[in-house]
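One-letter residues, chain by chain:
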Amino acid sequence: MNKVCKFGGSSVAGAEQFRQVRHIIESDSGRRIVVVSAAGKRSKDDNKLTDLLYLCHAHLTYGVPCNEILQTIAERLISIRDELGLKYDIETELDALRARMNRDMPVDELVSRGEYFTSRLMAEYLGYHFVDASQCIYFGYDGAIARDRTYAAINDAVRKYGKVVIPGFYGSLPSGKIKVMTRGGSDITGALAAAAIDANVYENWTDVSGILMADPRIVPDPKPIERITYAELREMAFMGATVLHEESVQPVREAGIPINIRNTNRPEDPGTLILDSIDDKGDSERFITGIAGRRNFTILTVSKRNMNTSLALRLSLELLDRYHVPVEHITLGLDSFALVASTAALGDNLYAIVADIKKDIQPDDVTLRDQIALVAAVGRKMTFRAGSSGRLFKALGEHGVNIRTIAQGADELSILIGVDNKNYETAVRVMYDGFAG
Ligand code: ASP
C-alpha cells in the first residue's frame, strides 16, 4: 500500500498536533509520503503562519518594521521544536531570512516559508527525508503545474529516500523562483504527489471527520458523508460547501485514486471517501448525499407572449456574458424564462442589463427578485427514487418555506431550489431533517 497523507494547518498547529500526526503515520507503514501545510490556528483567536507571513510582507511593502510579527512566527516554530526535543537550527535560518527581508523580497518566497519551516520540523520528527517543494513541484512558463517534470521529480525522491516529507502550497518556476499556489494549495501538492506515485489512496487529514452533510453553522452536528462521487463533490463545492481546493481533485480523479478525508484528532473515524463511481446496489445508505447552498442571488424573469423563447434566451445570455455575469441557473416557461445570477456579479450593471433586455428583446415584462438563496440537495441516488422531489417540496411547504424557483440538475445529481434569503436556514434544516436520516 502506498498512501500520500496531507496534513492541513490545524493538524500541524502545535507540538500536540505533531504527536498526533506521528501516531497516525506510525500506525500504517503505507503512509510514506507526507505533505505538510504551514502551522495553522491552535485556537479560534490564534493566527496561521501563512497569514502572519502575508502580513509581514505588507509591512515590508510600506516600509513598516515587522519584527514583532516575525518574533511571533519564530516563537511558534521554536516552541514546537523545543517541546518535541528536535534539533533543527531554526534560529540560523530565520536570521538568514531576516537579512533578506526588504521591500524587494518577493511575496511568494516569503509566504512559502510557513510550509518550509513546518515541514522541516515534521521531517525531523518523523525521521523522514525532507524534500523541498522547490525541487519537486514545478510550474511551467504559463504558471500552470508542469505535471511530467513534477511527477518525475517526486518519483525520483521517493525512489531515493523511501519516506519523504514535502511542504505544500509552493513550487518553483522555470527561472528557479518560488511561486505559491492559491490559498489552501497544499491540497494540490498532496494530489500531485498521489498521482505521481500512483498511490492507492490520497489521505487528506484535517480537523473534521469528513465532509459534513450540511453546514454545521446551520444544522447542529450534521452527519459526515461516508462516500461521495467526484461529480457530487463538485456540485457540493459549487453550491458553497468548502471541502478541498478545487484544483486538487483533477490529478487524482484522472489517475483513479480515491481521496479519503480524515480527522487528525479522531483517526479512528473512517472519514469521507471520494470515489469516481460508487456501486450503490443493495445499499441502504441515505439517498441524499449532502445539502449545500448560497445566499444572495437575483432572479430576472423575462416574459413575452408568443415569443420565440430560444432566440430571446440566447440574446439575454449573450447580453449577460457581455457584462461578465455568469448565469447559475435557467428555468423556461412557455412565454417566459428566468435567469438566476449572483446579485454581486450583477452589481451596478443590473439596471443597464434590464435596459438592454428591454431594448433588444422588447418583452412584455421584466421582473427582478433579489435576496434569493439557492439550496441544492445533492445525491446520486435521487434519480432512482420515485417521488423524491415531491417529498422534498411537501416538507418545505409544511414549514412555510415558499419556493421561488426549482430545477433538477441535467445530470440528475441534484435538486436545486430557490427560496427567500430569510428562509435559507429553515430550508437547509428541513431538507436535512427530512432526508439525511
Ligand atoms: N498555508 C496555506 C494557506 O493557509 C496553504 C495551505 O494551507 O494549504 O492557505
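Some words on the overall build of the protein
For step 1, the next point in the chain: Scanning the protein for helices and strands turns up 15 helices and 16 strands.
For step 2, the next point in the chain: Reported as C-alpha extents along the three principal axes, the dimensions of the protein are approximately 75 × 55 × 40 Å.
For step 3, the next point in the chain: Long-range contacts, defined as pairs at least 24 residues apart, comprise 74% of the intrachain contacts of the protein with a sequence gap of at least 6.
For step 4, the next point in the chain: For the protein, the exposed area adds up to about 20300 Å²; of that, 48% sits on carbon and sulfur atoms.

Let's talk about the packing of aromatic side chains
For step 1, the next point in the chain: Applying the stated rule across the entire model yields 4 aromatic pairs.
For step 2, the next point in the chain: Considering the side-chain rings of Tyr116 and Phe117, the 5.4 Å spacing of their centres and the 70° angle between planes classify their relative orientation as edge-to-face.
For step 3, the next point in the chain: Aromatic side chains Tyr116 and Phe130 sit 5.5 Å apart centroid to centroid with 90° between the ring planes, which places their arrangement in the edge-to-face category. Of this pair, Tyr116 sits in helix H6 (residues 113-126) while Phe130 sits in strand S3 (residues 129-130), placing them 14 residues apart in sequence.
For step 4, the next point in the chain: On the basis of relative accessible area, Tyr116 is assigned to the buried category, the value being 8%.
For step 5, the next point in the chain: Connected via pairs of aromatic rings, a cluster forms that spans Tyr116, Phe117 and Phe130.
For step 6, the next point in the chain: One cation-aromatic arrangement involves Arg149 over Tyr138; the distance from NZ or CZ to the ring centre is 3.7 Å.
For step 7, the next point in the chain: We note Lys179 situated over the ring of Phe139; from NZ or CZ to the ring centre the distance is 5.3 Å.

A few points about the side chain of Glu232
For step 1, the next point in the chain: Its location among the elements puts Glu232 in helix H9 (residues 230-238).
For step 2, the next point in the chain: By relative accessible area, which is 0% here, Glu232 ends up buried.
For step 3, the next point in the chain: One polar contact links Glu232 to Arg380, side chain to side chain, over a distance of 2.7 Å.
For step 4, the next point in the chain: Once you skip the residues sitting within four places of it in the chain, Glu232 turns out to touch Thr289, Val378, Gly379, Arg380 and Leu413.

What to know about the site of the ligand
For step 1, the next point in the chain: Close contacts around the ligand come from Ser37, Thr50, Glu115, Phe169, Arg183, Gly184, Gly185 and Ser186, and that covers them all.
For step 2, the next point in the chain: A distance of 2.8 Å separates an oxygen atom of the ligand from a polar atom in the backbone of Gly184.
For step 3, the next point in the chain: Contact distances for the ligand include 3.4 Å between an oxygen atom and a backbone N or O atom of Gly185.
For step 4, the next point in the chain: The protein chains hide 91% of the 260 Å² of surface that the ligand would expose on its own.
For step 5, the next point in the chain: Here the residues of the shell around the ligand are counted per class, giving 1 nonpolar, 5 polar and 2 charged.

Some words on the nonpolar core
For step 1, the next point in the chain: Counting 127 residues, the largest nonpolar core has Val4, Phe7, Ile73, Met101, Ile274 and Val375 as the members making the most contacts within it.
For step 2, the next point in the chain: When residues no more than four places from it in sequence are discounted, the contact partners of Val4 are Ile33, Val35, Gly190, Ala193, Ala194, Ile197, Ala199, Val201, Tyr202 and Glu203.
For step 3, the next point in the chain: Membership of the second largest hydrophobic core comes to 18 residues, among which are Leu300, Leu319, Leu339 and Leu350.

Looking at the sheet that holds strand S1 (residues 3-7)
For step 1, the next point in the chain: The strand order across the open sheet built from 8 strands is S3-S4-S2-S1-S7-S9-S10-S8, with neighbouring strands paired in mixed fashion. The open sheet terminates on both sides in strands that have one partner only, identified here as S3 and strand S8 (227-229).
For step 2, the next point in the chain: As paired elements, strand S2 (residues 31-36) and strand S4 (residues 164-167) share 4 bridges and run parallel to each other. When the bridges of S4 are listed, Val35 appears paired with Ile166.
For step 3, the next point in the chain: Strands in contact with helix H1 (residues 15-26) are S1, S2 and strand S7 (201-206); relative to S1, the strand with the most contacts, it is inclined by about 170°.

Some words on the pattern of salt bridges
For step 1, the next point in the chain: Tallied over the full model, the rule gives 28 salt bridges.
For step 2, the next point in the chain: Put simply, Lys3 and Asp28 hold a salt bridge, and the shortest N to O gap is 2.6 Å. With Lys3 in strand S1 and Asp28 in the loop between H1 and S2, this residue pair connects regions lying 25 residues apart in the sequence. In this structure, Lys3 and Asp28 share a single accessibility class: buried.
For step 3, the next point in the chain: Here Arg120 makes a salt bridge to Glu93, at a shortest N to O gap of 3.2 Å. Highlighted residues: Arg120 in helix H6 and Glu93 in helix H4 (residues 90-100), separated in sequence by 27 residues.
For step 4, the next point in the chain: For Arg120, a relative accessible area of 25% translates into the label partly exposed.
For step 5, the next point in the chain: By relative accessible area, which is 24% here, Glu93 ends up partly exposed.
For step 6, the next point in the chain: Taken together, the shared-partner salt bridges connect Lys3, Asp28, Arg31, Glu203 and Arg262 into one network.

Side note on the sheet that holds strand S16 (residues 414-420)
For step 1, the next point in the chain: The strand order S12-S13-S11-S14-S16-S15 describes an open sheet built from 6 strands, whose pairing is antiparallel. The outermost strands of the open sheet, each flanked by one partner alone, are strand S12 (327-332) and strand S15 (403-408). Strand-to-strand twist in this sheet, taken as the mean axis angle between neighbours without regard to direction, amounts to 30°.
For step 2, the next point in the chain: Where strand S11 (residues 290-303) and strand S13 (residues 336-342) come together, 7 bridges link them in antiparallel fashion. Each residue of the ladder has a partner; that of Val302, found in S13, is Phe337.
For step 3, the next point in the chain: The sheet strands contacting H9 are S11, S12, strand S14 (365-378) and S16, and the helix crosses S11 at an angle near 65°.
For step 4, the next point in the chain: Across the sheet, helix H13 (residues 350-361) lies against S11 and S14, angled at about 115° from S14, the strand it touches most.

Here is what the cut-offs are and how they apply
- Residues numbered from 1 in each chain as written.
- Predicted model: local features only at pLDDT ≥ 70, side-chain atom pairs only at ≥ 80, totals over all residues.
- Heavy atoms only, no water.
- Helix = DSSP H or I, 4+ residues; strand = E, 2+ residues; numbered from the N terminus.
- Contact = heavy atoms within 4.5 Å.
- Areas by Shrake-Rupley, 256 points an atom, 1.4 Å probe, with all protein chains shown as cover.
- Phe/Tyr/Trp six-rings, centres within 6.5 Å; stacked < 30°, edge-to-face > 60°.
- Buried < 20%, exposed > 50% of the residue type's maximum accessible area, 1.4 Å probe, protein only.
- Lys NZ or Arg CZ within 6 Å of the ring centre and 35° of its normal.
- Polar contact = N/O pair within 3.5 Å; in protein donor to acceptor, adjacent residues only side chain to side chain.
- Near = heavy atom within 4 Å.
- Nonpolar A, V, L, I, M, F, W, Y, C, P; charged D, E, K, R; others polar.
- Core = buried A, V, L, I, M, F, W, Y, C linked by side-chain atoms within 4.5 Å.
- Pairing = 2+ DSSP bridges.
- Axes fitted to C-alpha atoms, helices over the stretch in contact; angles between N-to-C directions.
- Salt bridge = Lys/Arg side-chain N within 4 Å of Asp/Glu carboxyl O.

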